[in-house]
Every structure is written in C-alpha cells, then in structure tokens.
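# Architecture at a glance
For reference, the chains in residue letters:
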Amino acid sequence: MATADWNPLGEVYYKKCELYSMEWSETVDISKFEVSAAPYGGPIALLKDESKTARVQVSTKPIVTVFTAAGKQLGQMRWNSGNIHKMGWSHTEDLLFVQDDGVVLVYDMFLNFKKTFGMGQEAKDVKVIDCKIFSSYQGTGIAVLTSTCRVFIINSVDDPRIRRLAEVPGLSSAPSSWAVINLDRQSRALIAKGSELCLIDHGGQYQVQTPDLSTDVTEFLAMSLSFNNRCLAMFTDKGVIWIGSSDLQKKYCEFNTKSPTPPQQLSWCGAGAVVGLWGNMMLVVGPDKDWINFNFDCPVHLVEEEDGLRIIGKYQHEFLHKVPEVTEKIFKIGSMEPGAMLFEASKEFYKGSQKADEYIRIIKDKLEVAVSQCIEAAGHEIDPAKQKPLLRAAAFGKCFLTDYSPEAYVNMCQMLRVLNQVRHHVIGIPLTYSQLQHLSMPILIDRLVLRKLFYHAVKICQYLKIPDAEGASRILAHWACYKVQQKSENDETIARAINQKLGDTPGISYSEIANHALEEGRPDLATRLLDFEPQAGQQVPLLMKMHKDSIALSKAIESGDTDLVYTVLLHLKESMNQGEFFMAIRNMPVAYALFIQYCRQQNRTLMEDLFYQEDNFQEEGTCKVINSFGKERMEDRVEELKLAQSCFTKAKNEFARVQTEDQIKLLKYQQRLEEEMNRPFLNLSLHETIYRLTIGNNHKVAEQLRKEFKVPDRRFWWLKIQALGESGDWVELEKFSKGKKAPVGMEAFVEVCSKHGNMKEALKYLAKVSPEQKVKCLVKVGERKKAAETAFDNRSEEELNYVLSKCGPNDKQLVDSIRSMKQQLGKR
C-alpha cells in the first residue's frame, strides 16, 4: 500500500524513505566522528580527532574524510594546521574549517586547498569559543563568538568583510545558546543570557526579546532556525521545546519532552516540524503539539533540507519529509480526488478491466486537473517504481483531452530522468524535485562538474538541448582544466588529448586552459595548448606572461593587428636593454617598421639611436635635418645640418648632401638679411625669401639670390610676376616684361593684372598674347564679347563654348549671339 509508511502528524503525514545503503558501512562508525553534510544532497565530511577520544594523551592531528551522500569516499587528508573549532559547507560546496584563532581555511570537496582568511585580530588574540556557519542573503556566512563574549560576523565567505555586532550588557561568560537570524537582508544574532533573549546587530542595536512562554525558564539550552529562516525552535532547561516565528512575535506551540538533557541535535524537517535527537531516538514535533517517535539501531546525524531532513547513519541514508498535498490526495484511503480516480482508472485499463471507463466518466469534467495532479505527484516520488505508474496514469488521462498541452508532462519526464540519474549511488546526489526547482538546472550541472563527472554533465546538457556555449562547451573547458592537473601524463599526450576532444568547439578558449596549465607549473604544456588557440589576441598576452617574447611577437605580426604588435614591442622595450631590443626586432621588418613609426611620434631620439646602431646613414641624416628645425640658436642649427650632411655623404646620397649644403647657405643668407633689413626671413624657403625681397622692392638682392642658388628662369619669372602684382608695382612689372626674352607667355602678365583687379594694365599686354591664349585672356579682363568675336574669327567652336560657359544671367544678348555664331560655323 502506498500509505503504509506514512506517519500522521496532526492533519498531515510524514514519510521516511531510504536513499542509499551506505558504502562506508564496514569502515565508518559515525559515533566516533564529527559530521558535517552539505545541503541539497551534498557531500558528507567526517572529522576524526583521536586526541579527544584516546584514553592516553596523543598529539596526532585529526583526519578529515569526505564522502558522497552514498558513502563513497572522495578524499582524505591529515589535518596539519591549527585546532579546528567548526567544520561546515558553503553554498558552493566548499568545505570550511574555522580554527580557534579565527582563521578560516577553505577546501574543495576533494580536500584541495583553495584559500584562507581571518575573522579579525581580536578573534585571533582572545580565541574563538563558538562558531556558526549559516546561509545568508549573500551566500554562506560565518559568525564567531570570542572568549570576551563578542560576536564577529561575515555574510559571505567569497567576500569576507568582518563586522562586529553590538555587545550584550552583562554577558561575562559564554551564552547557553545562540543563533544567527537573517531577516530583511540583515544578519543578527539571538543570544540567550540565562532566561533573557537579546537580539544584536552590527549597527550597535541591542534589543531584549520576550517570547510568549507559559512556563518559567532559567536557560535556553538549544536553538534551531528553519531552513528558510522564518521559524525558530528553542529547547529550555525545563525540557520544553518552544516553536514560533524567528522574529519571536508568534508562538505556534510549546511541547514538553520531559527530558532533563538537551538533544544532541535540534533541527527542522522543512518548515513544518521540529526534530530532536537524543542518542538513537528521534522525536518529530509538529506546530500543534503532535509528535512522532523514531528509533534507530545505531547513532545517526541529521541534515536539514528545504523540504525535509536527511538522516545519515552507519548503514543507511534516509530522508524524512512531509507527504506532499498532491500525493496525499491521490493515495489517501477513500480519496475521491480527480488524480486518485485517474490513477485507479489507469490501473484498471492496464488490467483490461472496463472499470477504467467508469472512473474516467466520473472525472470527465476534471480530467485536466487529474492529469496535472498525477504529473506533480510523480515529481515528488523518489523511487522510479512509484514514478512510472503516476506518469502512466497522466499519459492515459491525456488521451481523453484534445486541447491539453503536453509541455508539463514532457518537462516532468525530463526532470525525473535527470534526477534519477544524479540520485544513482555512483553519483550520489539525492536531490528532490522541489530542491532542484530551487537550485536550478545550471547549478546542478555545475555541481556535477565540481565532482569531475564531466561525462554525465555533458550528457544531461545534450539531453536537455542546452546551447553548447552554456552547456557542453563550458563543461569540456572545465574537463580540460582538470586534465592539465594530471601530473602522471606528459605534456604532449595531454595537449593532444585535449585538442582531439575539444577540436574547434565554439565557446572554448584554449588560452584559458593554457593559463590554467601555467598556474599548475606546466609552461611547456601551456605553450603547446596555445598553438591551438585561433585568436592571436588571446595567445599573445599569455605568451608574454610566460616570457616567450619572440614567439609572442611573431604571433602578433602574423595576426596583422598593429595594436597587438605595439603591445608586444612596448613590453619588450621595457623588459630588455636597448641593444638587445634593437637586435631582437632588426630581423622582423614589420615590427621594425611599426616601431620606427611609433618613435617618429613619441621618441625621435630613440629612433636616431636605432638608425645609428644599424648604420642607416640616410635615415640618420633625415632625423638630423628634422632636429635642426627644433634648435633655437643658429649655430646649433647649422651644426646639426652639418652632421646631417656628413651622414648623407656616408650614405652616398649626393643630392641630399647638396640640398643640405644649400640649406646651410640659405640660413646664413637669411640671418644676414634679417640683420640688414630688420625683417623676418629665417625659416622661409628659398621661394618665399625671393618673393618677400621682390615685394620689398629689393630686386638686386633677389637677383643675387637667384644666381647664387641657380633658380631656373621660368620659376623666377613666375615668382617675380606674382610678387610685383601683389605689391602693385605696375611700372616695374611693365619694365620687367620688356626685358630679355620672357620664358613665360604674356598671358602670365594678363592673369596677374586681372587677379589684382587692374584691367587697364592687363589690356597693355593683350596685344602680345599668343593667338591660342587670346580668347581666355579677353575673358579674364572682362571682354567677353570681343572674346566671342575672336573665337568666331578663329572658327573655334571650342573657344566659343568656353566663352559661353563664362557668361552670366545678365549676358542674355551675348549668349544668343554666341549660339548664332555656333550655328553659322556648323553651316560652313
């Protein structure tokens, strides 16, 4: 019968079912160990301190062993640090050890050391006398009580920020009991000082609490908070268990156990019952003074869960929980609920009985409710043999519904298949469906990865069709990081195995795996793994971290990413002396060119040193020419140019040498002109110098400069014509035009006159303009009509089009005339 193992507690039922037969039954006597088990079906840690149990004094250190919930050993070590005061688990399944000096050591479930931190200097100086490891709104917290009766608390072991709670006035010795309460995102401590209860927080607040008590109390000997922090149970010196809300404002009941001694453990079974353990006897008390008594053959340890209580013994691991309401509706004797009727209909159908049809007719209007009840009840069952009939009943009921969505049924089948897999004793995580809903599937997969059960984790991801980036790829990356820790295999074998398994799987970074290998002290393996990394941006930083600078530079150059090349170059520049650095990049043209480019912008002196070391006289000379412009004193500038001239001579660049020599000569000339004329000439080009001299009417000096620097005649004439036009010296311009045969046409004179608005002067030169330029010059001086006539006389349609393009909106008559001319030319 389904209800045979149900135990009534008031109006509800509690059920105790076996999870595992423990693998440790032949080797472990649980009564000789301090036990700590992680919630949500987590691992079990056993601490055996022989110094406390031995008849004679021994100095041996305690042994810590970690098992799965099925009793399979995961790890063992002999403790080699200080005196352990408390052992417990974090929400990420890390094992925490709190020493009497306030030092907290964190290990993983395989007993590999992770990190350590302290609970403050005062805790270290005066020692810890009690400790609580609790679940906080930030994760897992630790509270310690020192010998000076002060409480120090951290709300997260991942980010340990120590806070001192308010002092309890008059508390000179250890309290009879205390607990940490989390309410409104704040952690407070409830301290029992004799018959008085005090609530303290880190803001300095101290409040005396007065719970509703019907009996006199001298001391509160034990306290226990429910898993959800909403309920509180307290055991008094009179043997009474007080059950109420955690804020002490509401009392549910007081139950007299008639026991003069406090229980070894006072725990909660979900949030609906309090459990006390005295030796091999366990008492379950409900909020209405109802109770159930259980007896065991051997000592046990209780572990609170959000929906029940795990009972760990030498031979068995059991789970006590409230029978879910939906399960009660289906299986309770005489139940007429839709789910119960559908379950019976399903059984009769598979027997081949016509009663199935009768049951279905009874609930035909509530068939959808019946299917949902069977699906939900199947989720709460731990035994697959009990899940199957319920799912079979749900599937049977679905056949009579036309619009029923199968999503709930399919999801439940998937979840149960996953749960049954992880509950198997090989894995040993006895999660319930309610716990999985709270924990979530990604965290369950993470916990499989923590246990190094990579194959199972990948298979679950594939079964649930979780995207590779969140599922299989991420798990394979964790597997690879675990693989690099295996010291027994050589680097080549591991690198090949990782590459064969991972290949080009998207979402996997070989650089992260290589970094992990480097942290494990395996640089050669890290280098081999980096060869598989396709992104140079991920390869190069790690190669630099490994001091493989030449490989890093080659990879950066191959990537074509100039920013990456600069990153390596600047790293090399800082880590090497100058000579070694220059030698390192001289055979890499791309790196060399990019570094030169960098130096041009940031460090010209370094660039010059590099050219000097490389005997690159041409570039060295160019640098010195550029440097000369930065010198303020003329002597320094000339000296720099002379050095540049010497470099160009060594480089056998005659043109550059001559140009530099002319520059020195020009600078000296300009300096003398400034002294004589008291006008600025320095830093001007030869062209600008002659131009200014011409504007200043210094024609003889300009002519002298022309001869000195062998300025070509055509260039000089254009220069002088422009300068005379700008200065408005029309007399000198006309005089200049009548000189020796001009190397430029008269159109240059016309252009400069028209440019500066002197059309009258421009007309003087029109007669001497060559016929092919005459039309354009007439247009420039504003004689568009005459230009059109000339173009017509020249029978040039192209010239007529040119004149037409220069006509404005006011030249309508001229435009018509030109069009007429074009027609006449066409007829001819």
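Our structure is the block above this text.
Residues numbered from 1 in each chain as written. Predicted model: local features only at pLDDT ≥ 70, side-chain atom pairs only at ≥ 80, totals over all residues. Heavy atoms only, no water.

Grouped together as the largest cluster of nonpolar side chains are 95 residues, with contacts concentrated most on Leu342 and Ile498. Those residues within four positions of leucine 342 in sequence are excluded, and the remaining contacts are Ile360, Ile363, Leu367, Ala370, Val371, Cys374, Ala393, Ala394, Phe396 and Gly397. Counting residues in each nonpolar core, the second largest holds 48 residues, with Val752, Val769, Leu800 and Ile818 among its members. (Core = buried A, V, L, I, M, F, W, Y, C linked by side-chain atoms within 4.5 Å. Buried < 20%, exposed > 50% of the residue type's maximum accessible area, 1.4 Å probe, protein only. Contact = heavy atoms within 4.5 Å.)

Relative to the helices and strands, phenylalanine 629 is located in the loop between helix H22 (617-628) and helix H23 (634-650). For phenylalanine 629, a relative accessible area of 52% puts it in the exposed group. C-alpha of phenylalanine 629 to C-alpha of glutamate 640: the two residues are 11 residues apart in sequence and 9.3 Å apart in space. (Helix = DSSP H or I, 4+ residues; strand = E, 2+ residues; numbered from the N terminus.)

For the rest of this paragraph, the subject is the sheet that holds strand S7 (residues 84-89). If you walk across this open sheet you meet the 4 strands as S7-S8-S9-S10, and the pairing is antiparallel. Bordering the open sheet on either side are S7 and strand S10 (113-118), each of which pairs with just one other strand. The sheet shows a mean angle of 20° between the axes of neighbouring strands, direction not considered. Pairing analysis gives 5 bridges linking strand S9 (residues 103-107) to S10, with the strands arranged antiparallel. Across the sheet, the residue bridging to valine 106 is lysine 115, located in S10. (Pairing = 2+ DSSP bridges. Axes fitted to C-alpha atoms, helices over the stretch in contact; angles between N-to-C directions.)

If you walk across this open sheet you meet the 5 strands as S1-S2-S29-S28-S27, and the pairing is antiparallel. The open sheet has two edge strands, strand S1 (6-9) and strand S27 (300-305), and neither has a second partner. Between one strand and the next, the sheet's axes are offset by a mean angle of 25°, whatever the strand orientation. With 6 bridges joining them, S27 and strand S28 (residues 308-313) adopt antiparallel strand pairing. Note on S28: the bridge partner recorded for histidine 301 is isoleucine 312.

As a further point, take the packing of aromatic side chains. Using the criterion set out here, one finds 13 aromatic pairs in the structure. Where phenylalanine 331 meets phenylalanine 343, the ring centres are 5.2 Å apart and the plane angle is 80°; that geometry is what we call edge-to-face. Residue phenylalanine 331 is located in helix H3 (residues 325-331), and its partner phenylalanine 343 is located in helix H4 (residues 338-351); the two are separated by 12 residues in the primary sequence. A relative accessible area of 9% places phenylalanine 343 in the buried class. (Phe/Tyr/Trp six-rings, centres within 6.5 Å; stacked < 30°, edge-to-face > 60°.)

Bringing the layout of surface pockets into the picture now. It is the rolling of a water-molecule-sized probe over the atoms that shows where space remains empty. Quantified by volume, the second largest pocket comes out at close to 470 Å³. Taken together, 19 residues make up the lining of the second largest pocket; nearest its centre are Asp108, Val449, Leu450, Lys452 and Gln485. Elements supplying a minimum of two residues to the lining of the second largest pocket: helix H10 (441-450) and helix H12 (472-483). Broken down by element, the residue count for the lining of the second largest pocket peaks at 4 residues, all from H12. (1 Å grid on protein atoms, 1.4 Å probe; cavity = no way out; pocket = protein on both sides within 12 Å on 5 of 7 lines; lining within 4 Å. Points joined across faces, edges and corners; volume = space filled by probe spheres on them.)

All told, the structure shown has 26 salt bridges when counted by the stated rule. Across the pair arginine 522 and aspartate 491 runs a salt bridge, and its minimum N-O distance is 2.9 Å. Here arginine 522, found in the loop between helix H14 (510-519) and helix H15 (523-530), pairs with aspartate 491, found in helix H13 (residues 491-502); they are 31 residues apart in sequence, far enough to count as distant. For arginine 522, a relative accessible area of 8% gives the class buried. (Salt bridge = Lys/Arg side-chain N within 4 Å of Asp/Glu carboxyl O.)

This paragraph deals with the pairing of S28. Of all 6 residues that make up S28, 6 are buried, and the element is covered over most of its length. On S28, burial covers both faces: Gly308, Arg310 and Ile312 on one face and Leu309, Ile311 and Gly313 on the other are all buried. Where S27 hands over to S28, the hairpin turn is made up of 2 residues, counted between the paired strands. Taken together, the 5 bridges between S28 and strand S29 (residues 316-322) define a ladder with antiparallel strand orientation. Bridge pairing links leucine 309 to leucine 320 in S29. Counting the residues between successive antiparallel strands, the hairpin from S28 to S29 contains 2 residues.

It is worth spelling out the environment of lysine 132 at this point. Note on placement: lysine 132 falls in strand S11 (residues 128-136). For lysine 132, a relative accessible area of 26% gives the class partly exposed. Taking the C-alpha atoms as reference points, lysine 132 and tryptophan 178, 46 residues apart in sequence, are found 9.0 Å from one another. In this view, lysine 132 contacts Gly141, Ile142, Ala143, Trp178 and Val180; residues no more than four positions away in its chain are not counted. One polar contact links the side chain of lysine 132 to the main-chain carbonyl oxygen of tryptophan 178, over a distance of 3.4 Å. (Polar contact = N/O pair within 3.5 Å; in protein donor to acceptor, adjacent residues only side chain to side chain.)

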